[in-house]
Amino acid sequence: MKKIINHTDQYTDDMLKGIYAVHQDKVKYVANDLRCYCTRQKLPGKVAIVTGGGNGHLPLFLGYVGDGMLDGCGVGDVFQSPSGKQIYQITKEVESGAGVLYLYGNYTGDIMIFEDAAERCAMAGIETRSIVGTDDVNSSMDVNVRRGVAGIFFMYKAAGAKARAMGSLDEVFRAAQKAKDNTRTVGFALSPCIIPEKGVPNFTLAEDEMSMGMGIHGEPGIWNGPLKTADEIARESLDTILKDMPCRPETEVALLINGLGSTPLDELYILANNAISYLNNKNIRVYRSWIGEFATSMEMAGASISLCRVDSELKSWFDEPVCTPFYTQN
C-alpha cells in the first residue's frame, strides 16, 4: 500500500483538517467534532439539506456542501457511516426555520443513522423529510432497494437549486424526488481500491478483466469478464439504462460521466464521446454533460454513466450556479 498518509487510523480526520485549513472561509465543523461538516453560509428561512456517508468517495458527499447545493454532511470513516448524533448536531446548526431535507444514498447503515437523527429532531421540534438515492440499475431489479451512487449528484443539484430559491420543504423534497425518478446509473470497475485501515485490495480482478455493475464499495457486479472497448462499455451501459428508463425520440437528458478515482480524464472523454454518439443515433438529445470525478471509490479504476431525463423545470435547476470548495458552476 502506497498512500500519502501519516497514520492509518487518522486518515479521515487528517483529510478533514486539510479541508478546513484550505477552505476555512466556506466550511466549518460544529460540536467540537471534525466529522460534523457544515457550510458557513447560512441563509435565514431557507430549507437546509443535509447528507452523509462514509469517507473515500470525494467529492461525494461533503464536496457538495456550499452555496446552491447542500448545507451539511456527516462524515464517517472510509466506507463507514457517521453516527445519528453527528447528523443531529449538524441539523441543529444548519436549520434556519424552514425545515431540513435529509438526502443520502440507499445503504442500511446510512438509513439507520438518519432515522435516528430524525427522531432526535422530532423531539427537538425540528421538521425533517428524508429521501434516498437509488440510481444504480444493476444493483437490483427492485428500484426501491437499489444503491445510490453518482446519480445522487442530480438530486443534490435539483434540491439545492429549489432550496436556494426559497422553496418550502415539500417543494424541495419534490425537486429531489423528480430528479430521483428520472435518473439511472450503470458503473463498472477495472481495478480494486485499498482501504487505508486494511491495507489490502478490497477485491481482485485479473489484468485483462473488468467487472460490470460493481458497487462503489466493491459490491459484486453482474459479470466479470474480458475488458471491453469504451464504445462497447458505453453501449451496454446505456442499453441497460434505457431498458430500465425508456426515452422516446427527442427526449432530452443530462449526462454524467463519473470517474471512480484512478481513471484519467482522457479516458472519461473517450467514454463520453461514445455515449453521446450512441444517444444521438437513438435521437436522444444531450442537454448538458458533466465529465469528471463526482463519486469516487478511493483509487478504484473504472467509471459510471448516469442519465437524467430532463424537462424545462429540471433544466432550470441544473443550470443554477453553485459554489462549493469542490464544485463550482457559473
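Going by the structure above, here's the rest.
Residues numbered from 1 in each chain as written. Predicted model: local features only at pLDDT ≥ 70, side-chain atom pairs only at ≥ 80, totals over all residues. Heavy atoms only, no water.

S.K.: Explain the overall build of the protein to me, using residue names and the numbers behind them.
M.R.: Along the protein, the regular secondary structure elements total eight helices and 14 strands. Along the first, second and third principal axes, the C-alpha atoms of the protein reach 55 × 50 × 35 Å. Burial statistics for the protein: of 330 residues in total, 55% are counted as buried. Restricting the contact set of the protein to residue pairs at least 6 apart, pairs at least 24 apart contribute 73%. Total accessible area computed for the protein in this model is approximately 13,800 Å², and 48% of it derives from carbon and sulfur atoms. (Helix = DSSP H or I, 4+ residues; strand = E, 2+ residues; numbered from the N terminus. Buried < 20%, exposed > 50% of the residue type's maximum accessible area, 1.4 Å probe, protein only. Contact = heavy atoms within 4.5 Å. Areas by Shrake-Rupley, 256 points an atom, 1.4 Å probe, with all protein chains shown as cover.)

S.K.: Pulling in residues and values, what's your account of the packing of helix 4 (residues 152–164) against helix 5 (residues 169–181)?
M.R.: Axis separation between helix 4 and helix 5 bottoms out at 8 Å; the angle between their running directions is 155°. Looking at the two axes, helix 4 sits roughly antiparallel to helix 5. Crossing of helix 4 over helix 5 shows right-handed handedness. Contacts between helix 4 and helix 5 involve Phe154, Met155, Ala158, Ala159, Lys162 and Ala163 from the first element and Glu171, Val172, Ala175, Ala176, Ala179 and Lys180 from the second. (Axes fitted to C-alpha atoms, helices over the stretch in contact; angles between N-to-C directions. Parallel < 35°, antiparallel > 145°, perpendicular 65-115°, else oblique. Left-handed = near helix turned anticlockwise from the far one by under 90°.)

S.K.: Could you give me a rundown of the side chain of Thr91, with the residues and numbers involved?
M.R.: With respect to the helices and strands, Thr91 occurs in helix 2 (residues 84–94). A relative accessible area of 0% places Thr91 in the buried class. Here the side chain of Thr91 touches Tyr102 through a polar contact of 2.7 Å, side chain to side chain. Aside from chain neighbours lying at most four places away, what touches Thr91 is Val50, Val100, Tyr102, Cys121 and Ile126. (Polar contact = N/O pair within 3.5 Å; in protein donor to acceptor, adjacent residues only side chain to side chain.)

S.K.: Please provide a residue-by-residue account of the sheet that holds strand 5 (residues 100–105), values included.
M.R.: A sheet is described by the order of its strands in space; here six strands give the open sequence 1-2-4-3-5-6, paired in mixed fashion. The sheet terminates laterally at strand 1 (27–29) and strand 6 (128–133), the two strands that pair on one side only. Put simply, the sheet's adjacent strands are angled 25° from each other on average, direction ignored. Both strand 5 and strand 6 contribute to a ladder of six bridges, which runs parallel. Within the sheet, the bridge partner assigned to Tyr102 lies in strand 6 and is Ser130. Relative to the sheet, helix 2 contacts strand 1, strand 2 (36–39), strand 3 (48–55), strand 4 (72–78) and strand 5, its axis offset from that of strand 2 by approximately 20°. (Pairing = 2+ DSSP bridges.)

S.K.: I'd like to hear about the side chain of Asp110, residue by residue, with values.
M.R.: Its location among the elements puts Asp110 in helix 3 (residues 108–124). For the buried Asp110, no salt bridge is present, and the opposite-charge side chain at shortest range is Arg35, 11 Å distant. Among the polar contacts listed, one links the side chain of Asp110 to the side chain of Ser81, at a separation of 2.6 Å. The contact partners of Asp110, leaving out residues within four places of it in the chain, are Gly52, Gly53, Ser81, Pro82, Tyr104 and Gly105. (Lys, Arg positive; Asp, Glu negative; His and termini not counted. Salt bridge = Lys/Arg side-chain N within 4 Å of Asp/Glu carboxyl O.)

Interpretation note: all reported values are geometric properties and have no functional meaning in isolation.
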